[in-house]
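# Descriptive structure summary
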Amino acid sequence: LKAKGTKFVQRASWSRAASFYERAETYLKDEDDSDFKDDEEKAAKRRTQLALHLNLALCYLKTQEFTRAVECCDKALNMDAECDKALFRRGQAHSALGNLEEARADYQRAVSVAPNNKAVRSELVKVQQLIKKQREAEKKTFFGMFDKFAAHDAKNQVKPAETEVAVDAAVDGEAVANPSNEVEI
């Protein structure tokens, strides 16, 4: 099943490849470890499962199913926390989902695991630039907002002396004009 999935990957038939990888993953998940004769067979099963998770993540990236790609990478990272390919693909999925901080964290971890990987370094630079642009846009959006609120509040603020006169007069039962020019009793 895995080999058939790989043939469809080579043809860029991502959905068909994913269906074979999903079936292979289900098959291996259902296999009991006690069915294997020795530790080498168990290790081979784990390597195959890891490869399936990574291949599924690739297929989901290509079909723009980014949330599913993240899930597959999470499974791969549960098996091998230092898997640079899983970190890289999860970073790509997070970036596509707009989760730029998560993408940057994944790329940074991938760089620490595989410092010579040019693709990871390139994606890290791209996501850092996107984060910078996002922050600049936020600064423009919120620039002066608090100053405007403060000015508005200062303009509409009641002076303490006016408040005391209005309260004293209201207590005495007199009609008093409040700062908004409405008559109160």
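One can find the structure itself at the top, above this paragraph.
Report on the accompanying structure. The structure displayed is predicted, hence computed values, not measured ones. (Residues numbered from 1 in each chain as written. Predicted model: local features only at pLDDT ≥ 70, side-chain atom pairs only at ≥ 80, totals over all residues. Heavy atoms only, no water.)

### Section: the overall build of the protein
- Looking only at helices and strands, one finds 9 helices and 2 strands in the protein.
- Counting the 185 residues in the protein, one finds 31% classified as buried. (Helix = DSSP H or I, 4+ residues; strand = E, 2+ residues; numbered from the N terminus. Buried < 20%, exposed > 50% of the residue type's maximum accessible area, 1.4 Å probe, protein only.)

### What to know about the pattern of salt bridges
- Using the criterion set out here, one finds 9 salt bridges in the structure.
- Ionic pairing is found between Glu40 and Arg47, a salt bridge with its closest N-O pair at 3.1 Å.
- The salt bridge involving Glu123 is made with Lys126; its shortest N-O contact spans 3.3 Å. Taken together, the residues span about one helical turn, with Glu123 and Lys126 both in helix H7 (residues 118-142) at a distance of 3 residues.
- Each member of the salt-bridge network shares a partner with another, and the members are Glu22, Glu65 and Arg68. (Salt bridge = Lys/Arg side-chain N within 4 Å of Asp/Glu carboxyl O.)

### Topic: helix H4 (residues 66-79)
- Given a rise of 1.5 Å per residue, 14 residues ought to cover 20 Å, and the 20 Å separating the end C-alpha atoms of H4 matches this to within 8%.
- Buried within H4 we find Phe66, Ala69, Val70, Cys72, Cys73, Ala76 and Leu77. Buried residues of H4, viewed axially, fall in a sector of 165 degrees; they line one side.
- Buried residues along H4 sit in contact with helix H3 (39-62) and helix H5 (84-97). (Expected span 1.5 Å × (residues − 1). Arc of directions from axis to C-beta. Contact = heavy atoms within 4.5 Å.)

### Considering the packing of helix H6 (residues 100-113) against H7
- At a minimum axis distance of 9 Å, the contact between H6 and H7 shows a crossing angle of 150 degrees. What the angle tells us is that H6 and H7 run roughly antiparallel. Along this stretch, H6 crosses H7, giving a crossing that reads as left-handed. Contacts between H6 and H7 involve Leu100, Glu101, Ala103, Arg104, Tyr107, Gln108, Ala110 and Val111 from the former and Val120, Arg121, Glu123, Leu124, Val127, Gln128, Leu130, Ile131, Gln134 and Arg135 from the latter.
- The residue inventory of the contact of H6 with H7, partitioned by class, reads 10 nonpolar, 3 polar and 5 charged. (Axes fitted to C-alpha atoms, helices over the stretch in contact; angles between N-to-C directions. Parallel < 35°, antiparallel > 145°, perpendicular 65-115°, else oblique. Left-handed = near helix turned anticlockwise from the far one by under 90°. Nonpolar A, V, L, I, M, F, W, Y, C, P; charged D, E, K, R; others polar.)

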